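# Fold and contact review
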Amino acid sequence: MCEVELSTRVYVKMILHAARYPHSTASGALLGRRTPGCLTLCDCVPISHQLPLALSLEVALTQIDSWSALQGLVIAGFYQANSGLKDTSINSATLRSASLIGEYQNDAVLILMDNERLSASPGVPPLIVLHQNNHKQWVPKDKTLVMWGHWEETQRITKHLLQAKAYQRLIDFDTHLDDIRTDWTNETLNVEITRLAAVANGST
């Protein structure tokens, strides 16, 4: 069974997406690289802060697929953050999207945020990572196969950006469709996360 490693960028952007729309269901695509025995999730693209229509979701995934290929990445999964504290349900659009991705990418994952453990400085990652079993059902992945790169650093960066209200600058595909001048790749935010990570590592 494939190991999954989550980068600082993908975690931070998922949290910022949920923070920007705390009273809505936020979802997006996970981008990664596959190597033998491991899937590294390097980035994510926030897509929606409502139940997405099938057509708009298809448009989003098509554009994301083309863009991610230029970055040397593939769409490797989907994520969802619910509005309710105890809500761990997964909506039909998310399941459909994740299952479609799973048809093209072996070891695709579906990540659900655990709202009860969501905070600026959680002791453990507040996420539930799922994969498809032999019956194509989405079930929790063995926690020993989920790896975190620089978890303490990731928490510090997340806390800093939440306090700075960086989530107000995050753009999802819904927002982009309302105003096509907005950047759904969130390149400015990506650069900022990379800079903060470099500072944390003592690089310049």
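In this report, the structure presented in the accompanying data block is examined. Remember, it's a predicted structure, so these values are computed and weren't measured experimentally.

In this section: helix H1 (residues 8-20). Residue pairs spaced three or four apart in an α-helix point in one direction, given the helix's 3.6 residues per turn. With 13 residues, H1 extends 18 Å between its outermost C-alpha atoms, agreeing within 8% with the 18 Å of an ideal straight helix rising 1.5 Å per residue. Of all 13 residues that make up H1, 10 are buried, and the element is covered over most of its length.

The geometry of helix H4 (residues 151-163) relative to helix H6 (residues 187-200) is characterised by a closest axis approach of 10 Å and an angle of 130° between their N-to-C directions. When the axis of H4 is compared with that of H6, the two are oblique. For the pair H4 and H6, the crossing hand works out as right-handed. On H6, the residues that touch Glu153, Ile157, His160 and Leu161 of H4 are Glu192, Ile193, Leu196, Ala197 and Ala200.

So, on to the nonpolar core. Judged by nonpolar contacts, the single largest core of 35 residues is most densely connected at Leu6, Met14, Leu16, Leu30, Leu41 and Ile111. Among the elements that line this core, the one with the most residues is H1, at seven residues. Ignoring sequence-local partners within four residues, the contact set of Leu6 consists of Met14, Leu41, Ile111, Leu127, Val146, Met147, Trp148 and Gly149. By size, the runner-up hydrophobic cluster in this structure holds 23 residues, among which are Leu57, Ile64, Ile75 and Ala108.

Of note, the phi angle at Asp107 is positive, near 65°, even though the residue is not glycine. Within the fold, Asp107 resides in the loop between helix H3 (92-104) and strand E5 (109-113). Located in the positive-phi region is Asn186, a residue other than glycine, with phi close to 55°. Of note, Asn186 is situated in the loop between helix H5 (173-178) and H6.

Attention now goes to the sheet that holds strand E2 (residues 26-35). Strand order in the open sheet made by the eight strands is E7-E6-E5-E4-E2-E3-E1-E8, with mixed pairing throughout. Where the open sheet ends on each side, the last strands, each with one partner, are strand E7 (138-140) and strand E8 (146-148). For this sheet, the mean inter-axis angle between neighbouring strands, taken without regard to orientation, is 35°.

All right, on to the packing of H1 against H4 then. Axis separation between H1 and H4 bottoms out at 10 Å; the angle between their running directions is 35°. Here the hand of the crossing between H1 and H4 comes out right-handed. Each of Thr8, Tyr11, Val12, Ile15, Leu16 and Ala19 in H1 lies in contact with H4, whose residues at this interface are Trp151, Glu153, Thr154, Ile157, Thr158, Leu161 and Leu162. In terms of residue class, the contact of H1 with H4 is made up of nine nonpolar, three polar and one charged.

By the criterion of burial, E2 is predominantly enclosed, with seven of the 10 residues buried. In terms of strand pairing, E2 meets strand E4 (residues 74-81) through seven bridges, oriented antiparallel. Along E4, the bridge assignment pairs Leu30 with Gly77. From the end of E2 to the start of strand E3 (residues 38-48), which pair antiparallel, there are two residues, and Gly37 there has a positive phi angle of about 85°.

Now for the packing of aromatic side chains. Applying the stated rule across the entire model yields five aromatic pairs. Consider the rings of Tyr11 and Trp148, whose centres lie 5.8 Å apart with planes at 85°: the pair is edge-to-face. You can see Tyr11 sitting in helix H1 and its partner Trp148 sitting in strand E8, a full 137 residues away along the chain. A relative accessible area of 1% means that Tyr11 is categorised as buried. Here the aromatic cluster, defined as three or more aromatic residues joined through ring pairs, consists of Tyr11, Trp148 and Trp151.

Rules used throughout
- Residues numbered from 1 in each chain as written.
- Predicted model: local features only at pLDDT ≥ 70, side-chain atom pairs only at ≥ 80, totals over all residues.
- Heavy atoms only, no water.
- Helix = DSSP H or I, 4+ residues; strand = E, 2+ residues; numbered from the N terminus.
- Expected span 1.5 Å × (residues − 1).
- Buried < 20%, exposed > 50% of the residue type's maximum accessible area, 1.4 Å probe, protein only.
- Axes fitted to C-alpha atoms, helices over the stretch in contact; angles between N-to-C directions.
- Parallel < 35°, antiparallel > 145°, perpendicular 65-115°, else oblique.
- Left-handed = near helix turned anticlockwise from the far one by under 90°.
- Contact = heavy atoms within 4.5 Å.
- Core = buried A, V, L, I, M, F, W, Y, C linked by side-chain atoms within 4.5 Å.
- Pairing = 2+ DSSP bridges.
- Nonpolar A, V, L, I, M, F, W, Y, C, P; charged D, E, K, R; others polar.
- Phe/Tyr/Trp six-rings, centres within 6.5 Å; stacked < 30°, edge-to-face > 60°.

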